[in-house]
Amino acid sequence: MFACIYGQTVPKSQIHENPGEVQLKDLGFSFSPLVEQTALDTVVLDVAGQDLLFGPPINLREPGGNHAGIDSLRALANEIVRRATQSGFPVNVSVAVNPDVAIHSARAFKGVTIVPPGEESLHLGNLPLTMLDFSLAGIEQERQGEIRETLELWGLRTFSDFARLPLAGVAQRLGQAGVRLQKLAQGKSDRRLVLVLPPIGFEQSLELEHPVTELEPLSFIFSRLLNQLCLNLHAHALATNGLRLRLKLEDGTRHGREITLPVPMRNPKTLLRLLLFEIEAQPPQAAIISVTIVAEPVKPRVAQTGLFIPLAPEPEKLELTLARLAKLVGADKVGSPELLDTHRPDAFRMKRFSIANRKNKSHRNWQSATGNQQCVMGFRVFRPPWPAEVQTMQGQPVRISACDVNSPSVVRGKVICVSGPWRTSGDWWRTDFWARDEWDIAVADSVPPQSEVLCRIYRNLQSEEWFIEGIYD
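This report concerns the structure included in the present document.

Calculation rules
- Residues numbered from 1 in each chain as written.
- Predicted model: local features only at pLDDT ≥ 70, side-chain atom pairs only at ≥ 80, totals over all residues.
- Heavy atoms only, no water.
- Helix = DSSP H or I, 4+ residues; strand = E, 2+ residues; numbered from the N terminus.
- Buried < 20%, exposed > 50% of the residue type's maximum accessible area, 1.4 Å probe, protein only.
- Pairing = 2+ DSSP bridges.
- Axes fitted to C-alpha atoms, helices over the stretch in contact; angles between N-to-C directions.
- Contact = heavy atoms within 4.5 Å.
- Expected span 1.5 Å × (residues − 1).
- Parallel < 35°, antiparallel > 145°, perpendicular 65-115°, else oblique.
- Left-handed = near helix turned anticlockwise from the far one by under 90°.
- Nonpolar A, V, L, I, M, F, W, Y, C, P; charged D, E, K, R; others polar.
- Salt bridge = Lys/Arg side-chain N within 4 Å of Asp/Glu carboxyl O.
- Phe/Tyr/Trp six-rings, centres within 6.5 Å; stacked < 30°, edge-to-face > 60°.
- Lys NZ or Arg CZ within 6 Å of the ring centre and 35° of its normal.
- Core = buried A, V, L, I, M, F, W, Y, C linked by side-chain atoms within 4.5 Å.

1. So, the overall build of the protein
Turning to step 1, where the next piece is worked out: When its secondary structure is counted, the protein shows twelve helices and 17 strands.
Turning to step 2, where the next piece is worked out: Counting all 473 residues of the protein, 39% fall into the buried class.

2. Some remarks on the sheet that holds strand 9 (residues 288-298)
Turning to step 1, where the next piece is worked out: Within the open sheet, the four strands sit side by side as 6-9-7-8. Their pairing is antiparallel. Each of the sheet's edge strands pairs with one partner strand only, and the pair in question is strand 6 (203-212) and strand 8 (254-265). Neighbour-to-neighbour, the strand axes of the sheet open up by a mean angle of 15 degrees, direction not taken into account.
Turning to step 2, where the next piece is worked out: Direction of pairing for strand 7 (residues 239-249) relative to strand 8: antiparallel, over a ladder of eight bridges. Across the sheet, Lys-248 pairs through a bridge with Arg-254, a residue of strand 8.
Turning to step 3, where the next piece is worked out: The sheet strands contacting helix 10 (residues 268-281) are strand 7, strand 8 and strand 9, and the helix crosses strand 8 at an angle near 140 degrees.

3. Some words on helix 3 (residues 67-87)
Turning to step 1, where the next piece is worked out: Taking 1.5 Å of rise per residue, the 21 residues of helix 3 would be expected to cover 30 Å, and the 31 Å separating its terminal C-alpha atoms lies within 8% of that figure.
Turning to step 2, where the next piece is worked out: Those residues of helix 3 that fall on the buried side of the exposure criterion are Gly-69, Ile-70, Ser-72, Leu-73, Leu-76, Ala-77, Glu-79, Ile-80 and Ala-84.
Turning to step 3, where the next piece is worked out: Directly beyond the C-terminal end of helix 3, a positive phi value near 100 degrees is found at Gly-88.

4. A few points about the sheet that holds strand 4 (residues 91-96)
Turning to step 1, where the next piece is worked out: Judged by pairing direction, the sheet is mixed, and its five strands sit side by side in the order 2-3-1-4-5 without closing on themselves. In the strand order of this sheet, the two ends are held by strand 2 (35-39) and strand 5 (112-114), each with one partner. Neighbour to neighbour, the strand axes of the sheet diverge by 15 degrees on average, direction disregarded.
Turning to step 2, where the next piece is worked out: Where strand 2 lies against strand 3 (residues 42-46), four bridges are found, and the strand directions are antiparallel. If you follow Glu-36 over to strand 3, its bridge partner there is Val-44.
Turning to step 3, where the next piece is worked out: Across the face of the sheet, helix 3 comes into contact with strand 1 (2-7), strand 4 and strand 5 while running at roughly 155 degrees to strand 5.
Turning to step 4, where the next piece is worked out: Against the sheet, helix 4 (residues 99-108) engages strand 1, strand 2, strand 3, strand 4 and strand 5, with an angle of about 30 degrees to strand 1.

5. Let's talk about the packing of helix 9 (residues 215-235) against helix 10
When two helices pack together, their arrangement is given by the angle between the helix axes and the distance between those axes.
Turning to step 1, where the next piece is worked out: One way to put it is that helix 9 packs onto helix 10 with a least axis distance of 9 Å and a crossing angle of 140 degrees. By the angle between their directions, the pair helix 9 and helix 10 is classed as oblique. Judged by the twist between their axes, the crossing of helix 9 over helix 10 is right-handed. Packed against helix 9, whose contacting residues are Leu-215, Leu-218, Ser-219, Phe-222, Ser-223, Leu-226, Asn-227 and Cys-230, the element helix 10 presents Pro-268, Leu-271, Leu-272, Leu-275, Leu-276, Ile-279 and Glu-280 at the interface.
Turning to step 2, where the next piece is worked out: The residue inventory of the contact of helix 9 with helix 10, partitioned by class, reads eleven nonpolar, three polar and one charged.

6. Looking at the pattern of salt bridges
Turning to step 1, where the next piece is worked out: The final tally for this structure, using the stated rule, is 22 salt bridges.
Turning to step 2, where the next piece is worked out: Across the pair Asp-133 and Arg-107 runs a salt bridge, and its minimum N-O distance is 2.7 Å. With Asp-133 in the loop between helix 5 (120-124) and helix 6 (141-153) and Arg-107 in helix 4, this pair connects stretches of sequence that are 26 residues apart.
Turning to step 3, where the next piece is worked out: For Asp-133, a relative accessible area of 14% corresponds to the buried category.
Turning to step 4, where the next piece is worked out: Across the pair Arg-143 and Glu-146 runs a salt bridge whose closest N-O atoms are separated by 3.8 Å. Placement of both Arg-143 and Glu-146 in helix 6 is noted, with a separation of three residues, approximately one turn of the helix.
Turning to step 5, where the next piece is worked out: Using a relative accessible area of 29% as the deciding quantity, one classes Arg-143 as partly exposed.
Turning to step 6, where the next piece is worked out: The class for Glu-146 is partly exposed, based on a relative accessible area of 48%.

7. Quick word on unusual backbone geometry
Turning to step 1, where the next piece is worked out: Here the residue pair Arg-383 and Pro-384 is connected by a cis peptide bond, since its omega of 0 degrees sits within 30 degrees of zero.
Turning to step 2, where the next piece is worked out: Residue Pro-421 is reached from Gly-420 by a cis peptide bond, and omega for that bond is 5 degrees.
Turning to step 3, where the next piece is worked out: Take Pro-421: it is sitting in strand 14 (residues 410-426).

8. Brief notes about the packing of aromatic side chains
Turning to step 1, where the next piece is worked out: For the structure shown, the criterion picks out five aromatic pairs.
Turning to step 2, where the next piece is worked out: Geometrically, the ring pair formed by Phe-382 and Trp-386 is stacked, given 4.1 Å between the ring centres and 10 degrees between the ring planes. The two residues Phe-382 and Trp-386 agree in class, both being buried.
Turning to step 3, where the next piece is worked out: Across from the ring centre of Tyr-458, 3.9 Å away, lies the NZ or CZ of Arg-436, which sits over that ring.
Turning to step 4, where the next piece is worked out: Positioned above the aromatic ring of Phe-379 is the side chain of Arg-456, whose terminal nitrogen or guanidinium carbon lies 5.3 Å from the ring centre.

9. Some thoughts on the side chain of Asn-232
Turning to step 1, where the next piece is worked out: In this fold, Asn-232 is placed in helix 9.
Turning to step 2, where the next piece is worked out: In this structure, Asn-232 is in contact with Gly-201, Phe-202 and Gln-204, ignoring residues within four places of it in sequence.

10. Observations concerning the nonpolar core
Turning to step 1, where the next piece is worked out: Counting 34 residues, the largest nonpolar core has Phe-222, Leu-226, Leu-245, Leu-247, Leu-275, Val-291 and Ile-293 as the members making the most contacts within it.
Turning to step 2, where the next piece is worked out: Secondary structure elements with two or more residues in this core: strand 6, helix 9, strand 7, strand 8, helix 10, strand 9 and helix 11 (315-329).
Turning to step 3, where the next piece is worked out: It is helix 9 that contributes the most residues to this core, eight residues altogether.
Turning to step 4, where the next piece is worked out: Residue contacts for Leu-226: discarding those within four places in its chain leaves Leu-243, Pro-268, Leu-271, Leu-272, Leu-275 and Ile-293.
Turning to step 5, where the next piece is worked out: Of all hydrophobic cores here, the second largest spans 30 residues; its members include Ala-106, Val-115, Phe-159 and Ala-177.

11. A few points about the environment of Ile-147
Turning to step 1, where the next piece is worked out: You can see Ile-147 is positioned in helix 6.
Turning to step 2, where the next piece is worked out: On the accessibility criterion, Ile-147 (1% relative accessible area) is buried.
Turning to step 3, where the next piece is worked out: Remark: the alpha-carbon pair of Ile-147 and Phe-134, spanning 13 residues in sequence, is separated by 9.6 Å.
Turning to step 4, where the next piece is worked out: In this view, Ile-147 contacts Phe-134, Ile-139, Leu-174, Ala-177 and Leu-181; residues no more than four positions away in its chain are not counted.

Below, the structure written as C-alpha cells:
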C-alpha cells in the first residue's frame, strides 16, 4: 500500500523561501523509510507493515478490501493529516495499492481518500484529463504538448474516456508513451518508487536523565554516541578528521571541545580515548546534562606500502601516544616545530603533526642537499642557553668560561678566532623585547682532551649578561 501526501500550501515559485518541501519529506520519513519526492508539493511513501500501529492490513485479494483493513488505512491517513496540521500546513492524503493512483487522488480530492483494491478506475474515471501527470509515464516535456493536443482532437475529456480506448489503436497512434499514459488513466500502472535517501546523520545527541559529574559514567555515554557515529560513517564509506564535542551544563552554560585528527579515522575506541584525554585536560566546571558529538565526514585514508618498506606505526596508535604526552607535559610542548614569521632568535611554536604528500621535485632537492659534500656543518642549540663569563678586550671576547647547569659539560678556554658582533633587536613596544650582540668564536678548550670548539655567543644588551647559544658540529 502507498500513501501520497499533497501539500497544498507549497508555492512552486517561492519554494526556496518556504520550508514546506522539507516538512513534507520529514513528515513522510516519520511514517516510513521508503519515501519518494515526486514533485515539490507531492510525497509518496510505502506504508506496508503499519498494521502493528493502526490495525490489521487490507486484504488485497478481496475486491474492495476488508472493512478492518480500510479502517486501519483511514486511521493512518488521519494521523498523517493530524501531524501536518500541528506543523502548520494542511495536506491532502490518499492511500491506494498503486502509487500513481494515490498521487492523482491526493491532488484531486481534499482531505483523506482511501482507494480500495479494484476500485481505481471508479475513483479516477471522472477526473479531467488535464490532471493526468505525464511525468509519471516518463514522457519528455517536448512530447507532452503534442500528445495533449492529440487527445483533445479525439474529444477525450476525462480519465475514463481515455481508459476505454482500444489498446491497439492507442499503441498504433501514440506509441509506447500512449500505452503508459492509458495505464495511468486506468489506474493499472506498475513502477517502483524513486526513493529519497534519508538525511545522513553525523551528529549524535543525548539528553541525560541525571546530571553527570564523574568521568567513568561519561565514558559510557561517549562510547554509545561514538559507536553510532562510526557505524554511520562506515555505512557511507566515510571517515572523520575532526570531532566537535558540545556539553550542556547544569548551571546553564555550555562547554565545547574540538579535536583535529592528523588522518581520517573511524575507530570508536580510538576516538573515545582521545575525547577522554581532552576532557581530563580541561574538565567542565559543572555537572553535565546533555552531550552532543559531531563528526566531520571525509574520505577514508587509503595507504598501500611496498613489499620492501618497513611498517610504520599506525596513525591511530601514534595519535593516542601524542595525546598521552600532551596530558603529561602540556599540549604546547608536543608536536612539530614551526618557525614564526619574525626576526626574534630561536622563535618557533609547536604545532600538531600532520601528514603532507611531498612532491617529487622537493624530494629530489632534499636528496641533492643531503648528498652535497659541502653540507658538513650543523648547529646544536642549547635550550636554555648556557650562562657564560666572558673577558673582553676592546669590545671583543678574548676568554670564555661556561657550563651547563644540568650537566657537567663545560666550555672554557682562550678565544683564538672571533667574528662579529651582529646586533639584533626588535619588539621594543612589548615587555619581552630583545636586543643583543652575537659573535661566532673558536675556543681553544683547556679541558682534556684539548680541542677547538666553534660556538655562538651573545650578550643581552638589557641585562649585560653573556650566554652560549649553541655549538657548531
